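Architecture and fold: a report
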Amino acid sequence: MINENKIFDIVIHGSGLSAKSALVALSMRGFNLIWINNINNEKNDDRTTMLSPVSVDFYQGLNLNNLSKIIFPTKKISIKTKNQKNYTTFEDDKFQKPLCFLAENKLLHEELNIIISHQRKEKKFIELNEDINKLNPNQYYNEIILKSGKKIRSSLVIGVDGANSLIRDLSAIKSNNLGVKKYGLVGLIEHEQTHPYTSWQVFSKNGILALLAKQNTTKKRSISSMIWSLDEDQMKYLLNLTKDNFEKQIKNEIGPNLGKLSLISKISKWPIKRIDVTDPTGFRAVVLGDASHAIYPLAGQGFNLAVGDILELVKTLYWAKNHGMDLGTRVVLDKYKNKRKIWVNSITKLTDGLDWFFSNASIQTQNNFGATLSLIENFDPIKRKFLEIMTKS
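Keep in mind it's a predicted model, so treat the numbers as computed, not measured. (Residues numbered from 1 in each chain as written. Predicted model: local features only at pLDDT ≥ 70, side-chain atom pairs only at ≥ 80, totals over all residues. Heavy atoms only, no water.)

**Points about the overall build of the protein**
Put simply, the rule is: Counting from the N terminus, the helices are the DSSP runs of H or I reaching at least four residues and the strands are the DSSP runs of E reaching at least two. To sort residues, take the accessible area from a 1.4 Å probe on protein chains only and compare it with the maximum for the residue type: under 20% means buried, over 50% means exposed, and anything in between is partly exposed. Every residue pair with non-hydrogen atoms within 4.5 Å of one another is taken to be in contact. The Shrake-Rupley method, run with a 1.4 Å probe sphere, supplies the accessible areas, and residue values consider only the shown protein chains as cover.
Within the protein, the secondary structure is distributed over eleven helices and 20 strands. Here the protein holds 393 residues, and 52% of them are scored as buried. Intrachain contacts of the protein at a sequence separation of at least 6 include 73% that bridge at least 24 residues. Only carbon and sulfur atoms are counted for the fraction: they give 51% of the accessible area of the protein, which is about 18300 Å².

As C-alpha cells, this is what we get:
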C-alpha cells in the first residue's frame, strides 16, 4: 500500500526505451520514485536506433553490461541526393572514432530490463501497472489520481510516454500535432562488404533511404539495417512490390556501391508523427522525448534528443536536490527548459527543412543541392559542423 499522504520526489509515466532510461538514471541518483508502467510493447518493436557517442556514454554510465556486444559502430557516413554522381563522406579523419552506433531496440530493452530488475529487487522505486485518470497539481505537490481511485502525491510528474502523451494532455501542455505524414519502412539488407563500418543515406523524391551499418556475416558479406522514410502513397507502392522488385528499388536509390544486395527479413512499417511542443513544462510536470518533440528521422536524432532530455533533466534535478529545492517548482523546470530549447529547436528545423525540400523542390533544385554536397566533400569546416550534429544529443 502507498501512503497517500507521502510526497514522492518523482512519478514517471511511460514504458518505452526513453522511459526506462529515465527511470534507471534517476534511480541511480537516489530519487524517491514511482514508475507507472501500464504498456508493454517492446516485443513488437523491431526497429533500430542510431546512438550518438554521447548516448552511448550515457548508457555505459547506466552499467549496461552487454552494451558493447549489441551496438555496431559507423565510422563513415556517405550521403547524396538521388541524381548526385558520388557520395559525400563524413568521418573523423583525425581520430578515426565512430560517428554513431546502431542498436536494436529489442536488445536495448533487454539490457535496461536487467538493470530495472536489480533496482526493483533493491526497492529503488515503486512500480504500478495502472494508468492515470487525472492530475491535480497545487502549490505543494502534484496529486495523481489513478483509474482505480488511488491517489499519489509527487513533487514532479515526468511524461516519457510517446507522441500521444497522456501527461502532456492532463497537464495542459500545449502541442501542435501535425499528424502522420510519413511512414518508416524497416528491414535488414545483406550486401557485399566493400565499405566496412559505413552507413549510407540518400535523399530523393522517393523519400529518405538509409542503410545503417550493422554487422559482417562473412569476409565478403555485410548486413545493414534499412530505414526508409516515405509518404503514404510511396509506402503502399513499395509494399506491393515483389521481393525482387523491392531490392531493385533499393539498388536504384543507393547505386552500385554495395554490389548485389538482398532483403533478408520481413518489412515492417511504422507511422512517423510530427509534434511540436513550444514549452515541455507544465504545473509540476515535464514531458521528454517524443512527448516533447516527435520529429522526422535523420540519423537517429529523434532518440538522441530524448537521451539529451534525460541527461539534462537528471542533471537539473540533482542540482535542485543538492540545494534542497522543490523539484517541481518553476525555477527548476525553467532551468531545464532553457538548457534544451536551442538544440531541440535547431534539430527540429533541420529535419523539417530536409523533409520539405525533398518533398517539394524541383529536380533541378535538388540537383543544385547535390552539387553543393559534392563541394562540401572538400570543405572541412562544414563537415566538422555536420559531425558535431551527428555526435551530440
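**Some points on the pattern of salt bridges**
Let me state the cut-off plainly: Salt-bridge detection follows one rule: a side-chain nitrogen of Lys or Arg within 4 Å of a carboxyl oxygen of Asp or Glu.
One pass over the structure, following the stated rule, counts twelve salt bridges. In this structure, K243 and E247 form a salt bridge, with 2.6 Å as the shortest nitrogen-oxygen distance. Of this pair, K243 and E247 are both found in helix α7 (residues 243-254), four residues apart, which corresponds to roughly one turn of the helix. Since its relative accessible area comes to 43%, K243 is described here as partly exposed. Within this structure, D279, R330, D334 and K337 form a network of salt bridges that share partners.

**What to know about helix α4 (residues 105-121)**
Using the following cut-off: Helices are assigned an expected span. That span is 1.5 Å times one less than the residue count. Note that the arc is defined by the directions from the helix axis to the C-beta atoms.
Under the 1.5 Å per step criterion, the end-to-end length of α4 is 24 Å for 17 residues, consistent within 8% with the ideal 24 Å. Of all the residues in α4, the buried ones are N105, L108, H109, E111, L112, I115, I116 and Q119. End-on view of α4: buried residues confined to an arc of 165 degrees, all on one side of the axis. At the C-terminal side of α4, K123 shows a positive phi close to 55 degrees.

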